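# Reading the structure
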Amino acid sequence: MTYIAKPKLHHPSLATNKIGFTRRDYEGRISTLCAGCGHDSISAAVIQACFELDIEPHRVAKFSGIGCSSKTPDYFLGQAHGFNSVHGRMPSVLTGAYLANRGLIYLGVSGDGDSASIGLGQFVHCLRRGVNMVYICENNGVYGLTKGQFSATADAGSKSKGGETNTDAPIDLVSMGLLMGATYVARSFSGDKKQLVPLIKGALSHTGSAILDVISPCVTFNNHAGSTKSFDFVREHNDTVNRVDFVPATAEITVDYEPGTTQVVRQHDGSYLKLAKLRDDYDPSNRIAALAYLQERQAAGELVTGLLYVEEGAADLHTHLGTIEGPLNKLTEKALCPGAAALEVVNGEYR
Ligand SMILES: Cc1ncc(C[n+]2csc(CCOP(=O)(O)OP(=O)(O)O)c2C)c(N)n1
Ligand code: SF4
Ligand SMILES: [Mg+2]
(Lines give C-alpha, C1' and ligand atoms only; values in the text may rest on other atoms or scores of the structure.)
(Ligands and ions follow the chains in the order given, each with its own letter.)
Protein backbone atom coordinates (compact mmCIF):
# COMPACT_ATOMS: atom_id res chain seq x y z
CA MET A 1 0.00 0.00 0.00
CA THR A 2 1.33 3.42 -0.91
CA TYR A 3 0.58 4.81 2.53
CA ILE A 4 3.05 2.43 4.12
CA ALA A 5 6.27 4.32 4.75
CA LYS A 6 9.58 2.50 4.51
CA PRO A 7 11.31 2.19 7.87
CA LYS A 8 13.81 5.04 8.25
CA LEU A 9 16.44 2.85 9.93
CA HIS A 10 19.52 2.05 7.91
CA HIS A 11 22.91 0.52 8.47
CA PRO A 12 25.26 3.09 10.05
CA SER A 13 27.97 2.36 7.50
CA LEU A 14 25.74 3.19 4.52
CA ALA A 15 27.63 5.44 2.08
CA THR A 16 26.78 9.14 2.15
CA ASN A 17 27.15 11.71 -0.63
CA LYS A 18 28.79 15.14 -0.38
CA ILE A 19 25.81 16.67 1.42
CA GLY A 20 25.68 13.82 3.95
CA PHE A 21 22.65 11.99 2.57
CA THR A 22 22.42 8.24 2.07
CA ARG A 23 20.72 6.65 -0.90
CA ARG A 24 17.81 5.92 1.45
CA ASP A 25 17.17 9.67 1.80
CA TYR A 26 16.20 9.72 -1.88
CA GLU A 27 13.68 6.90 -1.63
CA GLY A 28 9.90 7.26 -1.38
CA ARG A 29 7.10 5.01 -0.27
CA ILE A 30 6.88 1.27 -0.98
CA SER A 31 5.98 0.63 -4.63
CA THR A 32 2.62 -0.99 -5.37
CA LEU A 33 3.50 -1.79 -8.99
CA CYS A 34 3.64 -5.39 -10.26
CA ALA A 35 6.85 -7.21 -9.33
CA GLY A 36 9.31 -6.82 -12.20
CA CYS A 37 7.64 -3.72 -13.71
CA GLY A 38 10.16 -1.65 -15.69
CA HIS A 39 8.89 1.53 -14.03
CA ASP A 40 10.39 0.48 -10.68
CA SER A 41 13.84 0.28 -12.31
CA ILE A 42 13.41 3.85 -13.58
CA SER A 43 12.54 5.01 -10.04
CA ALA A 44 15.74 3.31 -8.83
CA ALA A 45 17.72 5.12 -11.56
CA VAL A 46 16.23 8.50 -10.53
CA ILE A 47 17.19 7.80 -6.91
CA GLN A 48 20.73 6.86 -7.94
CA ALA A 49 21.13 9.93 -10.19
CA CYS A 50 19.93 12.38 -7.51
CA PHE A 51 22.10 10.72 -4.85
CA GLU A 52 25.18 10.92 -7.09
CA LEU A 53 24.45 14.56 -8.05
CA ASP A 54 24.21 15.53 -4.34
CA ILE A 55 20.80 17.10 -4.94
CA GLU A 56 18.89 18.23 -1.86
CA PRO A 57 15.57 16.36 -2.21
CA HIS A 58 13.49 19.38 -1.12
CA ARG A 59 14.88 21.34 -4.10
CA VAL A 60 13.10 18.98 -6.51
CA ALA A 61 9.52 19.40 -7.69
CA LYS A 62 8.12 16.21 -9.26
CA PHE A 63 4.96 16.12 -11.34
CA SER A 64 2.97 13.37 -13.03
CA GLY A 65 -0.31 12.58 -14.76
CA ILE A 66 -2.29 9.35 -14.43
CA GLY A 67 -1.10 5.77 -15.02
CA CYS A 68 1.16 3.20 -13.37
CA SER A 69 4.09 5.35 -14.55
CA SER A 70 2.53 8.47 -13.08
CA LYS A 71 2.25 6.74 -9.69
CA THR A 72 6.03 6.33 -9.49
CA PRO A 73 6.99 9.80 -8.13
CA ASP A 74 5.50 8.51 -4.87
CA TYR A 75 8.24 5.87 -4.82
CA PHE A 76 11.26 8.19 -4.98
CA LEU A 77 12.34 11.49 -3.42
CA GLY A 78 9.84 11.33 -0.58
CA GLN A 79 11.08 14.69 0.71
CA ALA A 80 10.58 16.53 -2.60
CA HIS A 81 7.60 18.64 -3.63
CA GLY A 82 5.08 16.55 -5.57
CA PHE A 83 1.95 17.07 -7.65
CA ASN A 84 0.05 14.13 -9.11
CA SER A 85 -2.13 15.91 -11.67
CA VAL A 86 -4.86 14.85 -14.11
CA HIS A 87 -4.45 12.45 -17.08
CA GLY A 88 -2.29 14.16 -19.73
CA ARG A 89 -2.14 17.48 -17.90
CA MET A 90 1.19 17.18 -16.12
CA PRO A 91 3.07 19.53 -18.54
CA SER A 92 0.82 22.54 -17.96
CA VAL A 93 0.87 22.13 -14.18
CA LEU A 94 4.66 21.78 -14.26
CA THR A 95 4.99 24.80 -16.59
CA GLY A 96 2.91 26.95 -14.23
CA ALA A 97 4.98 25.96 -11.20
CA TYR A 98 8.24 26.53 -13.07
CA LEU A 99 7.12 29.99 -14.20
CA ALA A 100 6.27 30.93 -10.62
CA ASN A 101 9.44 29.49 -9.06
CA ARG A 102 12.46 28.90 -11.25
CA GLY A 103 14.55 28.02 -8.20
CA LEU A 104 13.56 24.35 -8.12
CA ILE A 105 14.58 21.34 -10.20
CA TYR A 106 11.60 20.21 -12.25
CA LEU A 107 11.00 16.54 -12.95
CA GLY A 108 7.94 15.37 -14.89
CA VAL A 109 7.10 11.66 -15.05
CA SER A 110 4.52 10.38 -17.48
CA GLY A 111 3.52 7.31 -19.48
CA ASP A 112 3.10 6.70 -23.19
CA GLY A 113 -0.69 6.85 -22.81
CA ASP A 114 -0.48 9.98 -20.69
CA SER A 115 1.97 11.70 -23.08
CA ALA A 116 1.14 10.40 -26.57
CA SER A 117 -2.67 10.25 -26.44
CA ILE A 118 -4.67 12.48 -24.10
CA GLY A 119 -1.62 14.62 -23.27
CA LEU A 120 -0.04 14.92 -26.70
CA GLY A 121 -0.88 18.61 -27.09
CA GLN A 122 0.57 19.43 -23.68
CA PHE A 123 3.63 17.25 -24.33
CA VAL A 124 4.67 19.08 -27.51
CA HIS A 125 4.03 22.58 -26.19
CA CYS A 126 6.14 22.21 -23.05
CA LEU A 127 9.03 20.99 -25.22
CA ARG A 128 8.77 23.76 -27.81
CA ARG A 129 8.65 26.41 -25.10
CA GLY A 130 11.90 25.25 -23.52
CA VAL A 131 10.50 24.61 -20.05
CA ASN A 132 13.55 23.84 -17.92
CA MET A 133 12.64 20.32 -16.86
CA VAL A 134 13.41 16.66 -17.20
CA TYR A 135 10.46 14.93 -18.82
CA ILE A 136 10.64 11.15 -18.39
CA CYS A 137 8.17 9.10 -20.38
CA GLU A 138 8.01 5.54 -19.07
CA ASN A 139 7.08 3.91 -22.35
CA ASN A 140 5.60 0.40 -22.34
CA GLY A 141 3.38 0.64 -25.44
CA VAL A 142 0.21 0.00 -23.44
CA TYR A 143 -2.15 1.58 -20.96
CA GLY A 144 -0.89 -0.55 -18.07
CA LEU A 145 -3.17 0.86 -15.39
CA THR A 146 -6.35 0.20 -17.40
CA LYS A 147 -5.32 -3.38 -18.29
CA GLY A 148 -3.15 -3.30 -21.38
CA GLN A 149 -4.88 -1.59 -24.34
CA PHE A 150 -2.45 -0.53 -27.13
CA SER A 151 -1.15 3.00 -26.63
CA ALA A 152 -0.19 5.42 -29.40
CA THR A 153 3.49 4.39 -29.14
CA ALA A 154 2.73 0.72 -29.94
CA ASP A 155 4.39 -0.28 -33.22
CA ALA A 156 2.22 -1.18 -36.19
CA GLY A 157 2.23 -4.97 -36.46
CA SER A 158 2.95 -5.57 -32.77
CA LYS A 159 0.68 -8.04 -31.03
CA SER A 160 -1.27 -7.61 -27.82
CA LYS A 161 -1.27 -10.27 -25.10
CA GLY A 162 -4.70 -11.35 -26.34
CA GLY A 163 -3.38 -11.82 -29.91
CA GLU A 164 -4.75 -8.72 -31.72
CA THR A 165 -2.43 -6.90 -34.12
CA ASN A 166 -1.97 -3.16 -33.87
CA THR A 167 -2.58 -1.52 -37.25
CA ASP A 168 -2.05 2.13 -36.29
CA ALA A 169 1.23 3.94 -36.98
CA PRO A 170 3.27 4.62 -33.84
CA ILE A 171 4.11 8.02 -32.37
CA ASP A 172 7.84 8.20 -31.75
CA LEU A 173 8.40 10.41 -28.71
CA VAL A 174 12.06 11.19 -29.38
CA SER A 175 11.36 12.20 -32.99
CA MET A 176 8.58 14.41 -31.65
CA GLY A 177 11.02 15.88 -29.13
CA LEU A 178 13.52 16.65 -31.89
CA LEU A 179 10.85 18.23 -34.08
CA MET A 180 9.54 20.35 -31.21
CA GLY A 181 12.93 21.87 -30.40
CA ALA A 182 13.76 19.99 -27.19
CA THR A 183 17.40 20.68 -26.39
CA TYR A 184 18.26 17.34 -24.70
CA VAL A 185 16.76 14.25 -26.28
CA ALA A 186 17.58 10.72 -25.18
CA ARG A 187 16.17 7.23 -25.26
CA SER A 188 17.04 4.43 -22.93
CA PHE A 189 15.79 1.14 -21.53
CA SER A 190 14.68 0.50 -17.95
CA GLY A 191 16.81 -2.66 -17.97
CA ASP A 192 20.01 -0.73 -18.72
CA LYS A 193 20.85 1.19 -15.55
CA LYS A 194 24.40 1.85 -16.73
CA GLN A 195 23.04 3.84 -19.64
CA LEU A 196 20.02 5.33 -17.89
CA VAL A 197 21.61 6.83 -14.74
CA PRO A 198 24.14 9.07 -16.59
CA LEU A 199 21.43 10.11 -19.05
CA ILE A 200 19.22 11.24 -16.14
CA LYS A 201 22.16 13.05 -14.53
CA GLY A 202 22.91 14.83 -17.80
CA ALA A 203 19.26 15.79 -18.18
CA LEU A 204 19.00 17.11 -14.60
CA SER A 205 22.02 19.33 -15.25
CA HIS A 206 20.72 20.56 -18.60
CA THR A 207 19.19 24.03 -18.94
CA GLY A 208 16.16 23.75 -21.22
CA SER A 209 13.68 21.02 -22.01
CA ALA A 210 15.06 17.50 -21.69
CA ILE A 211 13.01 14.54 -22.86
CA LEU A 212 13.91 10.98 -21.94
CA ASP A 213 11.90 8.24 -23.59
CA VAL A 214 12.56 5.16 -21.50
CA ILE A 215 11.31 1.84 -22.84
CA SER A 216 9.92 0.21 -19.73
CA PRO A 217 8.33 -3.21 -20.24
CA CYS A 218 4.94 -3.90 -18.67
CA VAL A 219 5.48 -7.41 -17.37
CA THR A 220 1.77 -7.98 -16.88
CA PHE A 221 0.34 -6.87 -20.25
CA ASN A 222 3.14 -6.35 -22.78
CA ASN A 223 6.11 -8.64 -22.29
CA HIS A 224 5.15 -11.49 -24.63
CA ALA A 225 6.46 -12.66 -28.03
CA GLY A 226 5.09 -10.30 -30.71
CA SER A 227 5.45 -7.20 -28.50
CA THR A 228 8.08 -4.65 -29.50
CA LYS A 229 8.28 -3.27 -25.96
CA SER A 230 9.23 -6.51 -24.20
CA PHE A 231 12.51 -7.12 -22.37
CA ASP A 232 13.60 -9.68 -25.02
CA PHE A 233 12.70 -7.49 -28.01
CA VAL A 234 14.55 -4.43 -26.69
CA ARG A 235 17.66 -6.47 -25.82
CA GLU A 236 17.70 -8.03 -29.30
CA HIS A 237 17.05 -4.84 -31.33
CA ASN A 238 18.89 -2.17 -29.35
CA ASP A 239 21.15 0.09 -31.44
CA THR A 240 23.08 2.12 -28.86
CA VAL A 241 24.73 5.13 -30.53
CA ASN A 242 26.83 6.30 -27.57
CA ARG A 243 27.59 5.79 -23.89
CA VAL A 244 27.43 8.85 -21.64
CA ASP A 245 29.76 9.55 -18.79
CA PHE A 246 28.56 12.49 -16.66
CA VAL A 247 31.30 14.74 -15.26
CA PRO A 248 30.09 17.25 -12.62
CA ALA A 249 31.08 20.93 -12.82
CA THR A 250 33.35 20.52 -9.79
CA ALA A 251 35.47 17.79 -11.38
CA GLU A 252 38.17 18.53 -13.89
CA ILE A 253 37.81 16.88 -17.26
CA THR A 254 40.68 14.62 -18.17
CA VAL A 255 41.57 13.77 -21.72
CA ASP A 256 41.79 10.00 -21.53
CA TYR A 257 40.16 9.04 -24.77
CA GLU A 258 40.98 8.39 -28.39
CA PRO A 259 40.16 11.39 -30.62
CA GLY A 260 37.24 10.55 -32.87
CA THR A 261 35.78 7.96 -30.51
CA THR A 262 34.76 10.36 -27.71
CA GLN A 263 32.89 13.64 -27.86
CA VAL A 264 32.77 16.15 -25.01
CA VAL A 265 29.72 18.37 -24.51
CA ARG A 266 29.91 21.25 -22.03
CA GLN A 267 26.61 22.05 -20.34
CA HIS A 268 25.32 25.41 -19.17
CA ASP A 269 25.95 24.64 -15.47
CA GLY A 270 29.60 23.80 -16.15
CA SER A 271 29.17 20.02 -16.13
CA TYR A 272 30.40 17.87 -18.99
CA LEU A 273 29.02 14.93 -20.88
CA LYS A 274 31.69 12.62 -22.18
CA LEU A 275 30.19 10.59 -24.99
CA ALA A 276 31.86 7.36 -26.01
CA LYS A 277 30.80 7.04 -29.63
CA LEU A 278 29.58 3.59 -30.53
CA ARG A 279 28.47 4.66 -34.03
CA ASP A 280 31.05 6.68 -35.94
CA ASP A 281 28.39 8.18 -38.18
CA TYR A 282 26.24 9.46 -35.29
CA ASP A 283 26.49 13.14 -34.34
CA PRO A 284 24.31 14.17 -31.33
CA SER A 285 24.77 17.88 -32.10
CA ASN A 286 22.94 17.60 -35.44
CA ARG A 287 19.15 17.66 -35.01
CA ILE A 288 18.35 16.90 -38.66
CA ALA A 289 20.85 14.04 -38.90
CA ALA A 290 19.50 12.60 -35.64
CA LEU A 291 15.97 12.59 -37.07
CA ALA A 292 17.12 10.94 -40.28
CA TYR A 293 19.10 8.27 -38.38
CA LEU A 294 16.14 7.48 -36.12
CA GLN A 295 13.80 7.04 -39.10
CA GLU A 296 16.29 4.89 -40.97
CA ARG A 297 16.94 2.51 -38.05
CA GLN A 298 13.26 2.38 -37.14
CA ALA A 299 12.47 1.25 -40.71
CA ALA A 300 15.08 -1.48 -40.22
CA GLY A 301 13.23 -2.62 -37.06
CA GLU A 302 15.82 -1.32 -34.62
CA LEU A 303 15.44 0.77 -31.50
CA VAL A 304 18.02 3.55 -31.22
CA THR A 305 19.12 4.39 -27.66
CA GLY A 306 21.63 6.82 -26.14
CA LEU A 307 21.95 10.61 -26.09
CA LEU A 308 20.36 11.42 -29.43
CA TYR A 309 20.62 15.20 -29.37
CA VAL A 310 22.03 17.85 -27.08
CA GLU A 311 22.35 21.57 -27.66
CA GLU A 312 25.27 23.24 -25.97
CA GLY A 313 24.36 26.58 -24.38
CA ALA A 314 20.62 25.98 -24.78
CA ALA A 315 18.27 28.60 -23.35
CA ASP A 316 15.09 28.00 -21.35
CA LEU A 317 11.64 29.59 -21.21
CA HIS A 318 12.59 32.14 -18.53
CA THR A 319 15.46 33.37 -20.73
CA HIS A 320 13.08 33.61 -23.70
CA LEU A 321 10.60 35.62 -21.61
CA GLY A 322 13.24 37.81 -19.99
CA THR A 323 11.83 37.23 -16.50
CA ILE A 324 13.67 38.19 -13.33
CA GLU A 325 16.29 35.86 -11.84
CA GLY A 326 14.47 35.00 -8.60
CA PRO A 327 11.25 33.06 -8.03
CA LEU A 328 8.13 35.13 -8.75
CA ASN A 329 6.63 34.03 -5.44
CA LYS A 330 9.43 35.94 -3.67
CA LEU A 331 8.52 39.27 -5.31
CA THR A 332 7.63 41.89 -2.75
CA GLU A 333 4.71 44.29 -3.04
CA LYS A 334 7.21 47.09 -3.58
CA ALA A 335 8.69 45.35 -6.63
CA LEU A 336 5.26 44.48 -7.98
CA CYS A 337 3.88 47.99 -7.47
CA PRO A 338 6.58 50.50 -8.43
CA GLY A 339 4.32 53.51 -7.88
CA ALA A 340 2.15 55.95 -9.83
CA ALA A 341 5.06 57.64 -11.65
CA ALA A 342 6.31 54.32 -13.10
CA LEU A 343 2.76 53.37 -14.09
CA GLU A 344 2.39 56.71 -15.85
CA VAL A 345 5.52 55.96 -17.95
CA VAL A 346 4.19 52.50 -18.90
CA ASN A 347 0.76 53.86 -19.80
CA GLY A 348 2.43 56.66 -21.75
CA GLU A 349 3.95 54.07 -24.10
CA TYR A 350 0.47 53.01 -25.19
CA ARG A 351 -1.00 56.47 -25.74
C1 LIG B 1 -9.60 11.79 -18.40
C2 LIG B 1 -9.25 10.36 -18.18
N3 LIG B 1 -9.41 9.47 -19.21
C4 LIG B 1 -9.09 8.18 -19.04
C5 LIG B 1 -8.59 7.73 -17.86
C6 LIG B 1 -8.28 6.27 -17.68
N7 LIG B 1 -6.87 5.99 -17.67
C8 LIG B 1 -6.19 5.93 -16.51
S9 LIG B 1 -4.56 5.60 -16.74
C10 LIG B 1 -4.77 5.53 -18.41
C11 LIG B 1 -3.64 5.22 -19.35
C12 LIG B 1 -2.33 5.09 -18.70
O13 LIG B 1 -1.37 4.69 -19.64
P14 LIG B 1 0.10 5.18 -19.54
O15 LIG B 1 0.19 6.65 -19.44
O16 LIG B 1 0.83 4.56 -20.70
O17 LIG B 1 0.61 4.59 -18.15
P18 LIG B 1 1.02 3.10 -17.73
O19 LIG B 1 -0.07 2.67 -16.83
O20 LIG B 1 1.14 2.27 -18.95
O21 LIG B 1 2.32 3.30 -17.04
C22 LIG B 1 -6.08 5.78 -18.77
C23 LIG B 1 -6.60 5.79 -20.15
C24 LIG B 1 -8.41 8.68 -16.82
N25 LIG B 1 -7.90 8.32 -15.63
N26 LIG B 1 -8.75 9.96 -17.01
S1 SF4 C 1 0.28 -3.24 -15.09
FE2 SF4 C 1 2.19 -3.13 -16.23
S3 SF4 C 1 2.83 -0.97 -16.09
FE4 SF4 C 1 1.31 -1.34 -14.48
S5 SF4 C 1 2.52 -1.89 -12.65
FE6 SF4 C 1 1.93 -3.79 -13.68
S7 SF4 C 1 3.69 -4.26 -15.00
FE8 SF4 C 1 3.85 -2.10 -14.44
MG1 LIG D 1 2.00 2.89 -20.76
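Below is a summary of the structure that appears in this document.

### Some remarks on the packing of helix 3 (residues 90–100) against helix 5 (residues 120–129)
In the contact formed by helix 3 and helix 5, the axes pass within 8 Å of each other and the chain directions differ by 35 degrees. Here Met90, Pro91, Ser92 and Thr95 of helix 3 lie close against helix 5, whose contacting residues are Gln122, Phe123 and Cys126.

### A few points about the pattern of salt bridges
As enumerated under the stated definition, the model contains 14 salt bridges in all. Taking the shortest distance from any N to any O, the salt bridge between Lys229 and Asp155 comes out at 3.5 Å. Here Lys229, found in the loop between strand 8 (209–215) and helix 8 (231–237), pairs with Asp155, found in the loop between strand 6 (149–150) and helix 6 (173–179); they are 74 residues apart in sequence, far enough to count as distant. Accessibility expressed as a relative area gives 23% for Asp155, which makes it partly exposed. One salt bridge connects Asp239 with Arg297, and the closest N-O pair in it is separated by 3.9 Å.

### Concerning the coordination of the magnesium ion (ligand 3)
Here the magnesium ion (ligand 3) is held by Asp112 (OD), Asn140 (OD1) and Val142 (O), and the distances to it run 2.1 to 2.2 Å. Between consecutive donor residues of the magnesium ion (ligand 3), the sequence gaps follow D-x27-N-x1-V. Summarising the burial analysis for this pair, Asn140 and Val142 share the class buried.

### A word on the packing of helix 1 (residues 38–52) against helix 7 (residues 193–204)
Two elements in contact, helix 1 and helix 7, have axes separated by 9 Å at closest approach and are oriented at 55 degrees. Considering the angle they form, helix 1 stands oblique to helix 7. In this structure, helix 1 meets helix 7 at a crossing whose hand is right-handed. Facing Ile42, Ala44, Ala45, Val46, Gln48, Ala49, Cys50 and Glu52 of helix 1, the residues of helix 7 in contact are Lys193, Leu196, Val197, Ile200, Lys201 and Leu204. Classifying every residue of the contact of helix 1 with helix 7 by side-chain character gives 10 nonpolar, 1 polar and 3 charged.

### Details of the packing of aromatic side chains
The tally for this structure, following the rule as stated, stands at 8 aromatic pairs. Each ring, one from Phe123 and one from Tyr135, has its centre 5.1 Å from the other, and the planes form 75 degrees; the classification is edge-to-face. On the criterion of sequence distance, the pair formed by Phe123 in helix 5 and Tyr135 in strand 4 (residues 133–139) is long-range, its members being 12 residues apart. Of the residues examined, Tyr135 reaches a relative accessible area of 1% and is grouped as buried.

### Description of helix 5
Because each turn of an α-helix spans 3.6 residues, side chains separated by three or four positions end up pointing in the same direction. Where helix 5 is concerned, the buried positions are Phe123, Val124, Cys126 and Leu127. Summarising the axial view, the buried residues of helix 5 lie within an arc of 165 degrees, below the 170-degree limit, and thus occupy one face. Check the buried side of helix 5 and you find it contacts helix 3, helix 4 (112–118), strand 4, helix 6 and strand 8. Backbone geometry just after helix 5 places Gly130 at a positive phi near 75 degrees.

### Looking at the pairing of strand 13 (residues 303–310)
Among the 8 residues that make up strand 13, 8 are buried, leaving the element largely enclosed by the rest of the structure. Judged from the 4 bridges that link them, strand 7 (residues 184–189) and strand 13 form a sheet pairing that is antiparallel. Considered in strand 13, the bridge of Arg187 is made with Gly306. Pairing of strand 9 (residues 238–240) with strand 13 involves 3 bridges; the strand directions are parallel. The partner of Thr240 across the bridge, within strand 13, is Thr305.

Conventions and cut-offs
- Residues numbered from 1 in each chain as written.
- Chains lettered and ligands numbered in written order.
- Predicted model: local features only at pLDDT ≥ 70, side-chain atom pairs only at ≥ 80, totals over all residues.
- Heavy atoms only, no water.
- Axes fitted to C-alpha atoms, helices over the stretch in contact; angles between N-to-C directions.
- Helix = DSSP H or I, 4+ residues; strand = E, 2+ residues; numbered from the N terminus.
- Contact = heavy atoms within 4.5 Å.
- Salt bridge = Lys/Arg side-chain N within 4 Å of Asp/Glu carboxyl O.
- Buried < 20%, exposed > 50% of the residue type's maximum accessible area, 1.4 Å probe, protein only.
- Donors = N, O, S within 2.8 Å, 3.2 Å for Na, K, Ca; no water.
- Parallel < 35°, antiparallel > 145°, perpendicular 65-115°, else oblique.
- Left-handed = near helix turned anticlockwise from the far one by under 90°.
- Nonpolar A, V, L, I, M, F, W, Y, C, P; charged D, E, K, R; others polar.
- Phe/Tyr/Trp six-rings, centres within 6.5 Å; stacked < 30°, edge-to-face > 60°.
- Arc of directions from axis to C-beta.
- Pairing = 2+ DSSP bridges.

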